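Each chain, letter by letter, is given below.
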Amino acid sequence: MARFDAATGRYVYLAIDGVEYRVYFEEAGAGIPLLLQHTAGADGRQWRHVLEDADVGRHFRMIAYDLPYHAKSVPPSAVEWWTEEYRLTRDFFMKVPVTLAAELALDRPVFMGCSIGGHLAADLACYHPGVFRAAISLEGSLCTPARRDLSFLHHPRISNEYRAGLMYGITAPQSPEAFRRETAWIYSQGAPGVFKGDLHYYNVDHDLTGIAATIDTTKTPLYVLTGEYDWSSTPTMGRALAAAVRGATFRAMPGLGHFPMCENPARFREYILPVLDEIRARP
Amino acid sequence: MQLADPTRLQSSIDADPEFRMAARYWNATLSLESPSRALRIEIADGRVASCRESAPGQPATISVVAPDDGWAQFLAAVPRPFYQDLLGGCVQHHGFQVAGDMLSLSAYYQATARLFAVMRALRVSTGGAR
């Protein structure tokens, strides 16, 4: 008999700003809805280990989606996307999980995202208070201004190997080599320009400096967790985000990098299971 | 400090299957420099044509400059946080300087990372890495 993975996949149509997007998602488990947002230039495959985790699935209905323009969520056919530079904005990005939750009739889901998804967790808590039961920000921070020229991330003479190599370098050396390579592999498969376009949100459009204090954690509790080896959104930056929000918590994750859920899933669950237990115990 | 024995590094790199795939079609000269010495690696069509000690500051396609302690941390068996990567980690957080043809470095970032991984393994095998 065939051995199946726990996750099943399907498509849902989301209407955002008058455009219809065919969005792919995979789900596993039952219980409290838990939306899972991938990192920039990647896709929902990063959550495959979490989706397989029976200890999470026992209490949570996990939903890992591919953002439009990523992996199986192909660009909308009603837009001449090939005539314009792809650029992810905060406004559009926030609408994706909010619309997805509404279309799937999810009852106050938990939101967990990593990197751009970690930033988004904080933005959702700030700009959509109470819509989400809790927001978990992995590798999130107040802001992450670009530290160097990003033009090589979308350049005709530079292949996807550059993005893969760069992302391999932001994993922790202690993480299992096979999973570090798989993390990089996913980065080698994004469409040209999408990673760089996502970084518009990461580097420019996300900035909670001076605003984070308005997050009401009685409506949406905020949990911030950051890997020790994340040189992009560092533990110091994650701690600063949590410190700016009354009631938010921060935890550093020793021995992990920028992709905790996929570079070292066994280590990651040590940090995330207590957070999910705490969320589950909340009224 | 000596970053690697040039002869052993050349033979190790040329025998490394991942480097050979990542470095295909690459022509470049790399200069890996500490304040007192440099390791000069010439790559021709994806193979190491020569590897030798030289003086710092010589023209190269790509130069990486760091203090001795920076190189020691970078080449440690298990690098401390942010020493695990050149551009994002060492340059942004630990004062490494990279100069030259950034397009070439970006296009061959995987090959460069593999070169450093082999250097790290050599240091471990000779007891030079902490």
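Look up: the structure comes first, before these words.
Note that the coordinates shown come from a computational prediction; the quantities given were computed from them, not determined experimentally. (Residues numbered from 1 in each chain as written. Chains lettered and ligands numbered in written order. Predicted model: local features only at pLDDT ≥ 70, side-chain atom pairs only at ≥ 80, totals over all residues. Heavy atoms only, no water.)

1. Some details on the packing of aromatic side chains
Put simply, the rule reads: Pairing of aromatic side chains requires ring centres within 6.5 Å, counting the rings of Phe and Tyr and the six-membered ring of Trp. Pairs whose planes differ by under 30 degrees are stacked, by over 60 edge-to-face, and all others tilted. The helix and strand labels rest on DSSP assignments: H or I over at least four residues marks a helix, E over at least two residues marks a strand, and numbering proceeds from the N terminus. The rule is simple: take the accessible area with a 1.4 Å probe, protein chains only, and divide by the maximum for that residue type; under 20% is buried, over 50% is exposed, in between is partly exposed. For a ring to carry a charge above it, either NZ of a lysine or CZ of an arginine must fall within 6 Å of the ring centroid while also lying within 35 degrees of the normal to the ring plane.
Counted under the stated rule, the structure contains 16 aromatic pairs over all chains. Here the aromatic rings of F93(A) and Y201(A) are separated by 4.9 Å at their centres, their planes lie at 85°, and the arrangement is edge-to-face. Here Y201(A) lies in helix α7 (residues 194-205) and F93(A) lies in helix α3 (residues 90-103), a separation of 108 residues in the sequence. The residues F93(A) and Y201(A) share a single accessibility class, namely buried. Ring centres of F74(B) and F116(B) lie 4.9 Å apart, and the angle between their planes is 75°; this geometry places the pair in the edge-to-face category. One end of the pair, F74(B), is in helix α3 (residues 68-74); the other, F116(B), is in helix α6 (residues 109-125), and 42 residues separate them in sequence. Connected via pairs of aromatic rings, a cluster forms that spans W71(B), F74(B), Y83(B), F96(B) and F116(B). Over the ring of Y24(A) we find K72(A), and its NZ or CZ is 5.4 Å from the ring centre. Above the ring of F74(B), the side-chain terminus of R120(B) is found at 5.2 Å from the ring centroid.

2. Considering unusual backbone geometry
All names here are of chain A. Phi is positive for R108, which is not a glycine, with a value near 40°. Relative to the helices and strands, R108 is located in the loop between α3 and β5 (110-114). The class for R108 is partly exposed, based on a relative accessible area of 34%. The backbone of E139 sits at a positive phi, close to 60°, despite the residue not being glycine. Relative to the assigned elements, E139 resides in the loop between β6 (134-138) and α5 (160-168).

3. A look at the environment of A7(A)
All names here are of chain A. Inclusion rule: Any two residues whose heavy atoms approach within 4.5 Å are treated as being in contact.
Position of A7 relative to the elements: it lies in the segment before β1 (8-16). For the pair formed by A7 and N203, sequence separation is 196 residues and the distance between their alpha carbons is 32 Å. What A7 contacts, discounting residues up to four positions off in sequence, is E26, E27, A28, L51 and E52.

4. Side note on the sheet that holds strand β3 (residues 47-54) of chain B
All names here are of chain B. This is how it is decided: When DSSP finds at least two bridges between two strands, those strands are taken to pair. An axis is simply a line fitted to the C-alpha atoms; with a helix, the fit covers only the stretch in contact. Between two such axes, the angle follows the N-to-C directions and lies from 0 to 180 degrees.
One open sheet accounts for 5 strands, arranged β3-β2-β1-β4-β5; its pairing is mixed. In this open sheet, the two edge strands, each paired with only one partner strand, are β3 and β5 (97-100). Neighbour to neighbour, the strand axes of the sheet diverge by 15° on average, direction disregarded. Sheet analysis places strand β1 (residues 28-33) next to strand β2 (residues 38-44), joined by 6 bridges and oriented antiparallel. In the strand pairing of β2, S31 is matched with R40. Along the sheet, helix α1 (residues 6-14) contacts β2 and β3; its crossing angle with β3, the most-contacted strand, is approximately 160°.

In short, the description is geometric, and any link to function would need to be established separately.
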